[in-house]
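Spelled out from the first residue to the last, the chains are:
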Amino acid sequence: MSLSNSKELNGKLGVLVVGLGAVTTTFITGVLMTRKGLAKPVGSMTQYDKIRVGKGADKKYLHYKDIVPLAELDDIVFGAWDVYPDNAYESAIKAEVLKEKDINPVKEELERIKPMKAAFDKSYAKRLAGTNVMEGMTRWEMVEQLRKDIRNFKKETGVERVVVLWAASTEVFVPVDMDIHGSLEALEKAMKADDKERIAPSMCYAYAALSEGAPFIMGAPNTTIDIPAMWQLADKTKMPIAGKDFKTGQTLVKSGFAPIIGTRCLGLSGWFSTNILGNRDGLVLDEPANFRTKEVSKLSTLESILVPENQPDLYGHGNDDDSQYYHKVRINYYPPRNDNKESWDNIDIFGWMGYPMQIKINFLCRDSILAAPVCLDLVLLTDLAARAGRYGIQRFLSFFLKSPMHDYSKKEVPVNHLFQQYVMLKNAIREMGGYEADEEID
Ligand SMILES: NC(=O)c1ccc[n+]([C@@H]2O[C@H](COP(=O)([O-])OP(=O)(O)OC[C@H]3O[C@@H](n4cnc5c(N)ncnc54)[C@H](O)[C@@H]3O)[C@@H](O)[C@H]2O)c1
């Protein structure tokens, strides 16, 4: 569906974020500072990128907002849930991502963002010990409370639409169990039966959001909406869903760098990725069960770019069973670095006649500084998709995600190649703007 004829956008957009930690406070503070003209939203595609529309003599390069009716930063109203009672100002100060001089000009607005009580279960993030939680509720009661929270937020702020974004801690790995996660009916039954093991708190947020007519974005690697039951709910409520796991530092580099190896038909025998980070995210990921969720997500990136079955000579070596290159990802909690993550990639490649070579990448990044613009883009583009009548998994948003969702029950494969993802993104925007999708070279 095209939105080109409905350029006028009325009403405010509510952005309800699950988790008011480092990423969320950096995202919110940046938006508020940009609104005041005190910062620039660097890294945000919706604010900077230009897409070509039309061909030949008719071609022109336009910002996204000149092709499709995107919500303005001024129209966003923020709210959040968190396990800790700190308001957005206190939390931003504690996160130590931004300097006080970059937070204080919007202190009052941040102080007004007080987290609602979290739908939380300590067994999903053992290292967290906050008090701002819903007490003694079953999973279904959590859903009902969250739905009330969304309705109250809408009433109190007068927003027209809401998008719910998960930027909370990574939960422990919940393996997909088709008996519970395979259909909406089974999922609802399990929620009502308070099946704490297979219904993660994040599923309550997603269920509540979709039921209240709000798109849901999963910024962590949790399986939450990556299950047929949630796809059915998104179809039923005609709401878009996007996930999983913001693509920010090491994986962004990987999905942009691996195509060099693949396109040039070089061989790969191993890729070892390691990280040190010291923020609360790192603390939670230090727990093996939580890291497992992240590992699954981080490992998936290479496999659909350098496919061993398609090129056994190039990618069929190195692993224990000698069927694939060796791929390992490690995250180490190291408090002195706080949010300033350092990643190392050692890439063992081989060339002509199998001669080995090595590539080393050392990225000294800032996790939340990279994640904040991704939050903004995902929120604005998901809201756009909802208004364009797109629902279910939004594959065009794969560009922003480490482990892009795809309907695995229909044997769909994910697209991880950064430049193919960019084509998908541009074409979706063209289509929503009433232009033809194409693959012309820009
Ligand atoms: N920063 C990045 O580059 C990046 C990239 C990909 C994914 N992520 C993911 O984004 C998420 C947020 O990262 P962060 O650095 O802000 O972490 P953080 O620890 O600073 O913040 C997460 C917040 O979520 C809260 N929380 C946990 N469970 C909750 C629940 N059930 N309901 C409400 N709140 C809950 C915690 O109390 C905490 O304040 C993590 O899952 C992380 O893995 C971050």
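Calculation notes
Residues numbered from 1 in each chain as written. Predicted model: local features only at pLDDT ≥ 70, side-chain atom pairs only at ≥ 80, totals over all residues. Buried ≥ 20, exposed ≤ 12 C-beta atoms within 10 Å, placed from the backbone. Helix = DSSP H or I, 4+ residues; strand = E, 2+ residues; numbered from the N terminus. Pairing = 2+ DSSP bridges. Contact = placed C-beta atoms within 7 Å. Axes fitted to C-alpha atoms, helices over the stretch in contact; angles between N-to-C directions. Core = buried A, V, L, I, M, F, W, Y, C linked by C-beta atoms within 7 Å. Domains from an automatic or database assignment. Near = placed C-beta within 6 Å. Arc of directions from axis to C-beta.

## Side note on the pairing of strand S4 (residues 76–82)
The buried count for S4 comes to six of seven residues, which makes it a mostly enclosed element. Pairing of strand S1 (residues 13–18) with S4, which is carried by six bridges, proceeds in the parallel orientation. What sits directly across from Gly 14, in S4, is Val 77.

## Regarding the environment of Val 374
In this structure, Val 374 sits in helix H14 (residues 367–387). Along the primary structure Val 374 and Val 18 are separated by 356 residues, whereas in three dimensions their C-alpha atoms are 15 Å apart. Excluding its chain neighbours within four sequence positions, the residues that come into contact with Val 374 are Phe 246, Thr 248 and Phe 400.

## Topic: unusual backbone geometry
Where the residue is not glycine, phi is negative for most of them; where a peptide bond is considered, it is trans in most cases. Note that the residue after Gly 243, namely Lys 244, is joined by a cis bond; omega there is 0°. Positionally, Lys 244 belongs in the loop between strand S8 (240–243) and helix H10 (250–263). Unusually for a residue other than glycine, Glu 96 sits at a positive phi of about 55°. Within the fold, Glu 96 resides in the loop between helix H3 (88–95) and helix H4 (107–111). Residue Glu 96 is classed as partly exposed on the basis of its 15 C-beta neighbours within 10 Å. Unusually for a residue other than glycine, Asp 245 sits at a positive phi of about 75°. Along the chain, Asp 245 turns up in the loop between S8 and H10. Under the C-beta neighbour-count criterion, Asp 245 is labelled buried, with 24 such atoms within 10 Å.

## Quick look at the sheet that holds strand S9 (residues 267–277)
Taking strand neighbours across the sheet as the criterion, the four strands line up as S10-S9-S11-S12 in an open arrangement whose pairing is mixed. Strand pairing shows two members of the sheet lacking a second neighbour, strand S10 (326–333) and strand S12 (356–364), which therefore form its edges. Taking each pair of neighbouring strands and ignoring which way they run, the sheet shows an average axis angle of 10°.

## Some thoughts on the nonpolar core
Residues Val 164, Leu 165, Tyr 205, Phe 216, Cys 375 and Leu 378 are the most contacted members of the largest nonpolar core, which totals 115 residues. Of the residues forming this core, the biggest block, 13 residues, is contributed by H14. Looking at which domains feed residues into this core, each of domain 1 (13–246 + 368–432) and domain 2 (250–364) supplies at least three. Excluding residues within four positions of it along the chain, Cys 375 makes contact with Val 23, Phe 27, Leu 165, Ala 167 and Gly 219.

## Some words on the site of the ligand
Taken together, the neighbourhood of the ligand is formed by 36 residues, with Gly 19, Gly 21, Val 23, Ala 220 and Arg 280 sitting nearest. Put simply, the parts of the chain that give the shell around the ligand at least two residues each are helix H1 (22–35), S4, helix H11 (280–285) and H14. The biggest single contributor to the shell around the ligand is H14, with four residues. The residues that make up the shell around the ligand include at least three from each of domain 1 (13–246 + 368–432) and domain 2 (250–364).

## Some words on helix H7 (residues 184–192)
Within the span of H7, buried status applies to Leu 187, Ala 190 and Met 191. Buried positions in H7, seen along its axis, are confined to an arc of 100° and lie on one side of it. Residues of H7 that are buried in the fold lie against helix H5 (139–157), helix H6 (178–181) and helix H9 (228–237). Immediately downstream of H7, the backbone of Asp 194 shows phi near 55°, a positive value.

## A closer look at the sheet that holds S1
Pairing between the strands of a sheet is mediated by backbone hydrogen bonds and can be parallel or antiparallel. Spatial ordering of the open sheet is given by S5-S4-S1-S6-S7-S8-S13, a layout of seven strands whose pairing is parallel. Since the sheet does not close on itself, it has two edges, and those belong to strand S5 (116–117) and strand S13 (392–393), each with one partner. By the bridge criterion, two bridges tie S8 to S13 in an arrangement that is parallel. Of the residues in S13, the one forming a bridge with Pro 240 is Gly 392. The strands that H5 touches are S1, S4, S5 and strand S6 (161–166); relative to S1, the one it contacts most, it runs at about 140°.

## A few points about the domain arrangement of the chain
Each assigned domain of the chain is listed here: domain 1 (13–246 + 368–432) and domain 2 (250–364). Centre-to-centre, using C-alpha coordinates, domain 1 lies 26 Å away from domain 2. Taken together, the contact between domain 1 and domain 2 spans 28 residues of the former and 25 residues of the latter.

## A closer look at the environment of Leu 110
Among the secondary structure elements, Leu 110 is positioned in helix H4. Under the C-beta neighbour-count criterion, Leu 110 is labelled buried, with 22 such atoms within 10 Å. Ignoring any residue separated from it by four or fewer positions in sequence, one finds Leu 110 in contact with Ile 28, Thr 29, Asn 87, Ala 88, Tyr 89 and Ala 92.

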